[in-house]
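Now for the letters of each chain:
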Amino acid sequence: MERSLYIEHLYKSYHNQPVLTDLCCQIPQGKVTAITAPSGSGKTTLIRILLGLEEPDYGVLNGFKNLKKSAVFQEDRLCENLTALANIRLTSISQNKSYLISAMEQIGLYDCWQKPVHELSGGMKRRIAILRALLADYDLLILDEPFKGLDPATKEIVIKDTKKRSMGKTILFVTHDELELSLMNPSQILTL
Amino acid sequence: MISTTNNNQSNQHLNIPFQIKPWAVFLWLAIWQIASQWIGEPILLVSPIMVIKRLFELILTSSFWYSILFSLSRIATGFFCGVLTGSLLAVLSYRYKYILELLTPLILITKTIPVASFIILVLIWVSSKNLSILISFIMVLPIIYTNVFSGIASTDKELLEMAQVFSLSSWKKIRYIYLSQILPFFQSACSLSLGLCWKAGIAAEVIGIPADSIGEKLYNAKIYIDTADLFAWTIVIIIISIFFEKLISTLLNLLVERLERIS
């Protein structure tokens, strides 16, 4: 029988403004679940709750407690003064330099491993943030509009790499983009 | 809280506008020479040539070097103790609100009380020999405390959330997130407090007159109206102060480089 994570009757409000109201859903483990919804519908709030960064007002998260989590946030959240490689090494299971450099090259990050992140372009930073999440030790990978800002060709390469590296892992993936949806090929799509 | 920096480029903005140009130095020396010749009374205004002559005479004496060692070791001790204590108290204040509340009045008072009041008060408690240690410490502590606290408080919350999600160890959080944010504030505080602790430390020695200190030499210069000595020792203080500041700033720059270029 397929194991799942459950979100049951989740409520969250800010200053008496409800953001999530009685949200219930099931996330199959080892598969990709996509979340699509218009802006302001509470996607980021849900993600923050699932990542343990916020507490819900009510509701139960079943199966999430002991999961090792990894994430790509809407923002890059990189240590700007550290090198690209140091940022990835910060969370990566493997500390092998040549392996990490080769992983960077597979998503088009050539000759930039020794550069401080603040010297890199927005697209490069985004890919480093994605790789940092993919190479970490995790059971649940949460991606909050991870490919935003990448050009279509790079996006395709990065999505292929993401799928390859996260095969068999539970992925929760927020997007508005039809191309991203089709390339990630989620097993279910949740609409908030 | 007042801080002396609020961004990562603090070093650059501190260094660029205050470069000493040789032509400006020579112009001021020329003005000084002309003024002393015009006055014609070395007691009122000694000429730069006489000061340099006196300086070379002093350099050849062992008491000159002993005085430098005496004052430098004490002021530097006060400085390093102030840096360590200020940083530690800033961390504790950030961690525990009641420590912050407890220290805030003390820090504000330390900042506003005139140095002279401190020196006279401290002279009652400690021997004049160690006076400059305590005065330098008192000068450095609030500056380091305030700046390090501001640095910690301004740490990027989003990076801290990232660290929480990826379950980064406390060591990694301190090393890669906090230190990176605090160091510009710390560098700026060190640069500011170094100048202050030298001035205050020497002033303390002039009032306390510990034997064989630079302060004692300045005091004697005043008593014997030896303007050449007074100027020569002042130049020595300036040179040591600049050297000490450059040394600390070079060490800090190396530390920052080492911390930020890990790969």
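Since the structure is predicted, the reported quantities are computational estimates derived from the model, not experimental observations. (Residues numbered from 1 in each chain as written. Chains lettered and ligands numbered in written order. Predicted model: local features only at pLDDT ≥ 70, side-chain atom pairs only at ≥ 80, totals over all residues. Heavy atoms only, no water.)

(A) Just the overall build of chain B, in detail. Looking only at helices and strands, chain B features 11 helices and 0 strands. Tracing chain B from N to C terminus, the helices and strands come up as α-α-α-α-α-α-α-α-α-α-α. Seen through its principal axes, chain B has C-alpha atoms that stretch 75 × 45 × 30 Å. Contacts in chain B between residues far apart in sequence, at least 24 positions, make up 76% of those at least 6 positions apart. Accessible surface computed for chain B: about 14800 Å², of which carbon and sulfur atoms make up 70%. Computing the positive centroid from 18 side-chain charges and the negative centroid from 14, chain B places the two 6 Å apart. (Helix = DSSP H or I, 4+ residues; strand = E, 2+ residues; numbered from the N terminus. Contact = heavy atoms within 4.5 Å. Areas by Shrake-Rupley, 256 points an atom, 1.4 Å probe, with all protein chains shown as cover. Lys, Arg positive; Asp, Glu negative; His and termini not counted. Charge placed at Lys NZ, Arg CZ, Asp CG, Glu CD.)

(B) A look at the packing of helix α4 (residues 62-95) of chain B against helix α7 (residues 131-153) of chain B. Residues and elements named next belong to chain B. Relative orientation of the contacting elements α4 and α7 amounts to 35 degrees, with a least axis distance of 6 Å. Seen along the crossing, α4 lies across α7 with a hand that is right-handed. The residue makeup of the contact of α4 with α7, split by class, is 18 nonpolar, 9 polar and 1 charged. (Axes fitted to C-alpha atoms, helices over the stretch in contact; angles between N-to-C directions. Left-handed = near helix turned anticlockwise from the far one by under 90°. Nonpolar A, V, L, I, M, F, W, Y, C, P; charged D, E, K, R; others polar.)

(C) Examining helix α1 (residues 43-50) of chain A more closely. Residues and elements named next belong to chain A. Across the 8 residues of α1, 7 count as buried, placing the element largely inside the fold. Listed in full, the buried residues belonging to α1 are K43, T45, L46, I47, R48, I49 and L50. Directly beyond the C-terminal end of α1, a positive phi value near 80 degrees is found at G52. (Buried < 20%, exposed > 50% of the residue type's maximum accessible area, 1.4 Å probe, protein only.)

(D) Focus on the state of the cysteines. Residue and element names in this part refer to chain A. One pass over the structure, following the stated rule, counts 0 disulfides over all chains. Looking at the unpaired C24, the closest cysteine sulfur is the one in C25, lying at 7.8 Å. Left unpaired, C112 is separated from the closest cysteine sulfur, that of C79, by 16 Å. A relative accessible area of 0% means that C112 is categorised as buried. (Disulfide = S-S within 2.5 Å.)

(E) Region of interest: the sheet that holds strand β2 (residues 17-28) of chain A. Residue and element names in this part refer to chain A. The 3 strands lie next to each other as β2-β1-β4, forming an open sheet whose pairing is antiparallel. On the outer flanks of this sheet lie β2 and β4 (58-62), each paired with one strand and no other. Direction aside, the axes of adjacent strands within the sheet are offset by 15 degrees on average. Where strand β1 (residues 4-14) lies against β4, 4 bridges are found, and the strand directions are antiparallel. Bridging from a neighbouring strand, E8 pairs with V60 of β4. Along the sheet, α1 contacts β1, β2 and β4; its crossing angle with β1, the most-contacted strand, is approximately 120 degrees. (Pairing = 2+ DSSP bridges.)

(F) Just the UniProt feature "transmembrane region" (unreviewed entry) in chain B, in detail. Residues and elements named next belong to chain B. According to UniProt, the feature "transmembrane region" (unreviewed entry) maps to residues 75-94, 106-127, 133-155 and 230-256 in the numbering used here. As annotated, residues 133-155 has a helix share of 91% and a strand share of 0%, and its two end C-alpha atoms lie 32 Å apart. Helix makes up 100% of residues 230-256 and strand 0%, and the two end C-alpha atoms of the span are 39 Å apart. (UniProt positions renumbered as here; feature names shortened; annotations may be inferred.)

(G) Region of the structure containing the pairing of strand β6 (residues 140-144) of chain A. All names here are of chain A. Across the 5 residues of β6, 5 count as buried, placing the element largely inside the fold. What you see with β6 is no split at all: L140, I142 and D144 on one side and L141 and L143 on the other are buried throughout. Bridge count for β6 against strand β7 (residues 170-174) is 5 bridges, and the pairing is parallel. Opposite D144, over in β7, you have V174 as the bridge partner. As a crossover connection, the stretch from β6 through helix α5 (residues 152-165) into β7 is right-handed. (Right-handed = clockwise from strand over helix to strand, strands pointing away.)

(H) Spatial organisation of the interface of chain A and chain B. Every contact between the two is made by 27 residues of chain A and, on the other side, 18 residues of chain B. In total, about 1900 Å² of surface goes out of reach between chain A and chain B, with carbon and sulfur atoms giving 60% of it. A per-residue breakdown of the area chain A buries against chain B is headed by R77, N81 and L90 of chain A, which together make up 32% of the total. In this assembly, chain A and chain B are joined by 3 salt bridges. Put simply, E161 of chain B and R48 of chain A hold a salt bridge, and the shortest N to O gap is 2.6 Å. (Buried area = accessible area lost by both parts, 1.4 Å probe. Salt bridge = Lys/Arg side-chain N within 4 Å of Asp/Glu carboxyl O.)

(I) Structural view of the pairing of β7 of chain A. Of all the 5 residues making up β7 of chain A, 5 are buried; the element is thus mostly covered by neighbouring parts of the structure. The alternating pattern of β7 of chain A places T170, L172 and V174 of chain A and I171 and F173 of chain A on opposite faces, both of which are buried.

(J) View of the UniProt feature "domain: ABC transporter" (unreviewed entry) in chain A. What UniProt calls "domain: ABC transporter" (unreviewed entry) maps, in this numbering, to residues 5-192 of chain A. The annotated region residues 5-192 of chain A carries 31% helix and 27% strand content, and the separation between its end C-alpha atoms amounts to 17 Å.

(K) Local environment of the packing of α7 of chain B against helix α9 (residues 170-208) of chain B. Residues and elements named next belong to chain B. Axis separation between α7 and α9 bottoms out at 7 Å; the angle between their running directions is 160 degrees. Taken together, α7 and α9 sit at an angle that is classed as roughly antiparallel. Every pair of crossing elements has a handedness; the one defined by α7 and α9 is right-handed. Looking at the contact of α7 with α9 residue by residue, the classes come out as 19 nonpolar, 10 polar and 1 charged. (Parallel < 35°, antiparallel > 145°, perpendicular 65-115°, else oblique.)

(L) Structural detail: a nonpolar patch on the surface. Residue and element names in this part refer to chain B. Among the surface-exposed residues, I52, F56, I59, L60 and W65 lie close enough to one another that they form a single nonpolar patch of about 570 Å² accessible area. No other element matches the 3 residues that helix α3 (residues 48-59) contributes to the nonpolar patch. Tracing the sequence through the fold places W65 in helix α4. (Patch = residues over 30% accessible without salt bridge, like charges linked within 9 Å, V, L, I, M, F, W, Y side chains within 5 Å.)

(M) Just the side chain of K155 of chain A, in detail. Residue and element names in this part refer to chain A. You can see K155 is positioned in helix α5. A relative accessible area of 9% places K155 in the buried class. Contact partners of K155, with chain neighbours within four places excluded, come to F147, L150, D177, L179 and E180.

(N) Structural detail: the pattern of salt bridges. This model, assessed by the stated rule, comprises 18 salt bridges over all chains. Between D177 of chain A and K155 of chain A there is a salt bridge, with its nearest N and O atoms 3.0 Å apart. Taken together, the positions of D177 of chain A in the loop between β7 and α6 (178-184) and K155 of chain A in helix α5 put the pair 22 residues apart, joining distant regions of the chain. With a relative accessible area of 24%, D177 of chain A lands in the partly exposed category. With its nearest N and O atoms 3.9 Å apart, the salt bridge here joins K164 of chain A to D161 of chain A. Of this pair, K164 of chain A and D161 of chain A are both found in helix α5, 3 residues apart, which corresponds to roughly one turn of the helix. Judged by relative accessible area, D161 of chain A falls into the buried class, the value being 5%. Here the salt bridges do not stand alone but share partners, grouping K12, R48, E54, D57, E75 and R77 of chain A together with E158 and E161 of chain B into one network.

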